[in-house]
Amino acid sequence: SRYYREVLPGEIVKISRYDVQTLDVVPRPEGDPSAFCIFEYVYFARPDSIFEGQMVYSVRRRCGQQLAIEAPVEADLVSTVPESATPAALGYAQKCGLPYVEVLCKNRYVGRTFIQPNMRLRQLGVAKKFGVLSDNFKGKRVVIIDDSIVRGNTISPIIKLLRESGAKEVHIRVASPPIRFPCYMGINIPTKEELIANRPEFHDLANYIGADSVVYLSVEGLVSSVQESIKARQENENSLKTQKSRLGKIGHCIACLTGEYPVELEW
């Protein structure tokens with residue numbers, strides 16, 4: 001199989017053995033930008049997925065580069081918790097001029113941690129889930145790039161593991177902004193009370209999770225990383241005097257980060 005093109009928002013497509021036909025496109029209200037879920041880029045989608053004409057992997061790498069601009073740190077190496085944040089970690093390392101080094105390897109023989117009946121067992125499960133490549137970071141200052149910190153439970157035992165294995169400093173950099181609000185569009189985000197960004201511990205998050213520092217990517221930084229390539233393509237299309245971009249006005253749903261929902265909520 002090969003990539004053909006995306007199905008447009010509101011488009012009804014008929015695929016037959018002979019061809020691909022657009023049956024209809026439900027029109028968007030005039031002046032209403034699209035609201036594609038920004039967390040598809042951050043976490044949900046496979047890195048080889050293509051949305052809005054760009055590969056998710058490339059967007060995640062740009063998020064890492066933007067994070068390096070916003071939150072550099074004096075350190076010896078950059079790494080990640082395998083493996084969803086790897087593209088962001090590579091982008092961060094490249095922008096900072098630091099080496100990207102693996103500090104953890106996944107233990108393939110451990111079951112899923114989220115089905116453990118309580119928090120203590122889940123945290124123990126997280127620690128058993130990874131092997132430590134201590135020769136790679138002993139006595140060094142490590143930056144760990146994560147794609148998101150939702151509850152704050154998973155990262156703590158990992159930081160403890162790295163310190164016990166000889167890391168001199170552990171700095172956490174998060175390649176997305178803090179999630180503060182529930183999603184009413186179909187994504188099962190934990191309740192407001194469970195989100196670490198809404199808890200008192202968030203005001204001293206580094207101390208709470210045992211890190212030397214923690215910095216999240218800004219909302220503006222995430223949006224610019226996602227939209228940079230789309231804008232460049234639209235400008236290129238306009239300069240070539242071709243038809244107006246099929247994407248229309250650029251827009252993304254960032255409700256879980258800001259509380260501004262793309263549609264009015266009815267209760």
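Residues numbered from 1 in each chain as written. Predicted model: local features only at pLDDT ≥ 70, side-chain atom pairs only at ≥ 80, totals over all residues. Heavy atoms only, no water.

The protein is annotated in an unreviewed UniProt entry as PUR1 Amidophosphoribosyltransferase from Pelecanoides urinatrix.

Before going further, it helps to examine the pairing of strand 6 (residues 77–80). Neither face of strand 6 is exposed, since Leu77 and Ser79 on one face and Val78 and Thr80 on the opposite face are all buried. Sheet analysis places strand 6 next to strand 9 (residues 141–146), joined by four bridges and oriented parallel. The partner of valine 78 across the bridge, within strand 9, is valine 143. (Buried < 20%, exposed > 50% of the residue type's maximum accessible area, 1.4 Å probe, protein only. Helix = DSSP H or I, 4+ residues; strand = E, 2+ residues; numbered from the N terminus. Pairing = 2+ DSSP bridges.)

Taken residue by residue, helix 3 (residues 86–96) has Thr86, Pro87, Ala88, Ala89, Gly91, Tyr92 and Ala93 as its buried positions. Buried positions along helix 3 lie against helix 2 (56–70), strand 6, strand 9 and strand 10 (169–174). One or two positions beyond helix 3, positive phi appears at glycine 97, with a value near 75 degrees. (Contact = heavy atoms within 4.5 Å.)

Taken across its ten residues, helix 5 (residues 155–164) has seven buried, putting it largely inside the fold. Just past helix 5, the residue glycine 166 takes up positive phi, approximately 110 degrees.

The strand order across the open sheet formed by four strands is 6-9-10-11, and the pairing between neighbours is parallel. Of all strands in the sheet, those bounded by a partner on one side alone are strand 6 and strand 11 (213–216). For this sheet, the mean inter-axis angle between neighbouring strands, taken without regard to orientation, is 25 degrees. Sheet analysis places strand 10 next to strand 11, joined by four bridges and oriented parallel. Residue pairing in the sheet places arginine 173 in a bridge with valine 215 of strand 11. Those strands touched by helix 2 are strand 9, strand 10 and strand 11, and its axis lies near 120 degrees from that of strand 11. Together, strand 6, strand 9 and strand 10 form the strand contacts of helix 3, whose direction differs from that of strand 6 by roughly 170 degrees. (Axes fitted to C-alpha atoms, helices over the stretch in contact; angles between N-to-C directions.)

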